[in-house]
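# Examination of the molecular architecture
As a plain string of letters, each chain reads:
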Amino acid sequence: MINKEYRNLSRKGLKKRIAALAMAGVMMLTACGKSGGSGEGGASQGTAIGQGVTTTLPGTGENPGQGDEPGAGQGGNISTEVKKEGNGIGAPQGVTTNLSASITRGEVTNSTESEEEAFINATANLSFALMKYLTQNGDGSNVMISPESVITALAMTENGAKGETLNEMLEVLGGGMTLDQYQKAVAGFNGKLTSTEPACLSMANSIWMRNSEEMKISESFLQTNVDYHNSEFFLADFDNNTLNDVNSWVNEKTNGMIPKTLDQLSPDTMMLLINAAAFEAKWMDEYEETQVHEGRTFTNAKGEEETVTMLNSTEYGLIELNGGQGFVKKYEGGQYAYVAILPGEGVSADEYLAGLKGEDFIKAYQNRSFEKNIIVNMPEFKSDYDISLIDAFNSLGMTTALSDAAQFGGMLESGEDILKIGDIIHKTHIEVDRNGTKAAAVTVVEMEKCSAEMEPASPVFITLDRPFVYAIVETDTGLPVFLGTVNTVK
């Protein structure tokens, strides 16, 4: 299930599940009122892509850096001057440099049917688990996430993880899939999502690394992310110029819908792994003037009335789930659709989400009823949202990656475990009106240095002052050559 040669999934049942996941996974929204805000490790160690500057790729073509003029749309002068440094490559300090053209994208294999099924279930469940956490811990304003953006940024990150850090990430993101299985599935699904017309979903990935002696990136880690995710690579000084370059890159990749992503770069931030996504589509069935009704009422979550423009249409395919009823409205081309579910009377959107699982949503979408017409009135709206997902992922069990015990040595040539996830920044934007929908998302995984001094673990005290078991073992295998118990020492 991979990149440009993504195969047509016509296997029975699976195609419907993928369609449902595309609808649920690209953007998830709750409208609450006014618009608001496997293996031991990932990539194996390799030679370093040397120090220097910031690297950028437009994300088109076989090589991530091909397709655009150097620095186009970046808001600054992006250099492409590359110099050889032993087995690696480098660039001068004080300038943002695009090193992407020096990396050739490799081939990756397709997922199996069972791997695709596992990915769909895991991603659907994670999507609703995140929404459940964010709505239950929010302030009652609108919440919208792009699960696809989140998992793509974290998929790039886990390629540098190992040990318990990797195991926890695989469990939370992929429900226990191996690293190779999950990477193939993410890459393949993203390839499917971005290969459609006239509805358009564009995605871009990039890795930004601080230009310092200790931060020489593992070539294997970088190559893996280029192969699976067509990642761009920037080597930068992480100063105000870098901050402007990052914000300009995201602004360009989101078609201007998210103009500013970061307010500052912390001195502790060593690397950024970024996914940016932009979606634009017109409705398959256009609204006539007689279907657009201004001055209608929407009662928000606080019970207050708001004046909105309502769009009236007749739709087909009734979704019934946990006492709620919903509909599907398709965009041009038919691969994407808008799904909305109205909870039962007296149940808030947040309360409704609390009882949902991703697999239940997928099943309800697949089993929608076409026996009756659905008379739909839905509001035009615009919403922006931004959140740190650190607490959410910590609650879901991805704890080691966020702590000083994190193991991300696979990111660096040295193999040292000096990095942890310091933050997971997520921002979204959506506009729904009579013409169609525009939406965008960005996810930034900030890698920070672990604390210089870790708090020592509490010692374990063992005093053999009562009966015990003992053995004399062969150290390579641990097999006992002698094995016994001591019940008395007399």
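Residues numbered from 1 in each chain as written. Predicted model: local features only at pLDDT ≥ 70, side-chain atom pairs only at ≥ 80, totals over all residues. Heavy atoms only, no water.

## What about the environment of Thr269?
Inspection of the secondary structure puts Thr269 in strand E11 (residues 269-282). Of the residues examined, Thr269 reaches a relative accessible area of 0% and is grouped as buried. Spatially, the C-alpha atoms of Thr269 and Lys449 are 6.9 Å apart, while their sequence positions differ by 180 residues. Residues in contact with Thr269, not counting those within four places in the same chain, are Arg210, Phe238, Glu446, Met447 and Glu448. (Helix = DSSP H or I, 4+ residues; strand = E, 2+ residues; numbered from the N terminus. Buried < 20%, exposed > 50% of the residue type's maximum accessible area, 1.4 Å probe, protein only. Contact = heavy atoms within 4.5 Å.)

## Here we look at unusual backbone geometry
Of the consecutive residues Glu197 and Pro198, the connecting peptide bond is found in the cis state with omega at 0°. Positive phi values are uncommon outside glycine, yet Asn230 reaches one of about 50°. Mapped onto the fold, Asn230 is located in the loop between helix H6 (219-229) and strand E10 (232-236). We classify Asn230 as buried; its relative accessible area is 10%. Even without glycine at this site, Phe238 takes up a positive phi of about 60°. Here Phe238 lies in the loop between E10 and helix H7 (240-253). Residue class for Phe238 comes out buried when judged on its relative accessible area of 6%.

## Observations regarding the confidence of the model for the protein
Looking at the protein as a whole, its pLDDT mean stands at 80, while 74% of the residues score no less than 70. Throughout residues 34-63 the model reports pLDDT below 50, and contacts reaching past four residues in sequence, or to other chains, amount to 161 contacts. Predicted confidence for residues 468-483 stays below pLDDT 50, and this span has 24 contacts to residues more than four positions away or in other chains. (pLDDT = per-residue confidence, 0-100.)

## What about the sheet that holds strand E15 (residues 324-330)?
The strands that make up a sheet are held in pairs by hydrogen bonds between backbone atoms, and each pair lies either parallel or antiparallel. With antiparallel pairing, the three strands of this open sheet are ordered in space as E14-E15-E16. Since the sheet does not close on itself, it has two edges, and those belong to strand E14 (319-321) and strand E16 (337-342), each with one partner. Across the sheet, the axes of successive neighbouring strands diverge by a mean angle of 25°, strand direction being ignored. Note: E14 against E15, three bridges, orientation antiparallel. Counterpart to Leu321 in the pairing with E15 is Gly324. Packed on one face of the sheet, helix H9 (residues 358-366) meets E14, E15 and E16 and runs near 145° to E14. (Pairing = 2+ DSSP bridges. Axes fitted to C-alpha atoms, helices over the stretch in contact; angles between N-to-C directions.)

## A word on the sheet that holds strand E19 (residues 419-432)
One open sheet accounts for eight strands, arranged E3-E6-E10-E8-E11-E20-E19-E18; its pairing is mixed. A strand with exactly one partner marks an edge of an open sheet, and here the two such strands are strand E3 (78-79) and strand E18 (381-388). Together, strand E8 (200-210), E11, E19 and strand E20 (436-449) form the strand contacts of helix H3 (residues 147-158), whose direction differs from that of E20 by roughly 30°. Of the strands in this sheet, E8, E10 and E11 are in contact with H6, which crosses E8 at around 175°.

## A word on the packing of aromatic side chains
Under the definition given, this model contains nine aromatic pairs. Look at Phe128 and Phe361: their rings are 5.3 Å apart centre to centre, the planes differ by 40°, and that puts the pair in the tilted class. One end of the pair, Phe128, is in helix H2 (residues 113-136); the other, Phe361, is in helix H9, and 233 residues separate them in sequence. Phe361 carries the same exposure label as Phe128, and that label is buried. Here the aromatic rings of Phe279 and Tyr331 are separated by 5.5 Å at their centres, their planes lie at 75°, and the arrangement is edge-to-face. Pair noted here: Phe279 is in strand E11 and Tyr331 is in the loop between E15 and E16, with a separation of 52 residues, a long-range link. In terms of burial, Phe279 and Tyr331 fall into one category: buried. Ring pairing ties together the aromatic residues Phe279, Trp283, Tyr287, Tyr331, Tyr336 and Tyr338, which thus form one cluster. The ring of Trp283 carries the charged tip of Lys329 above its face, separated from the ring centre by 5.4 Å. Cation over ring: Arg368 sits above Tyr365, and NZ or CZ is 4.0 Å from the ring centre. (Phe/Tyr/Trp six-rings, centres within 6.5 Å; stacked < 30°, edge-to-face > 60°. Lys NZ or Arg CZ within 6 Å of the ring centre and 35° of its normal.)

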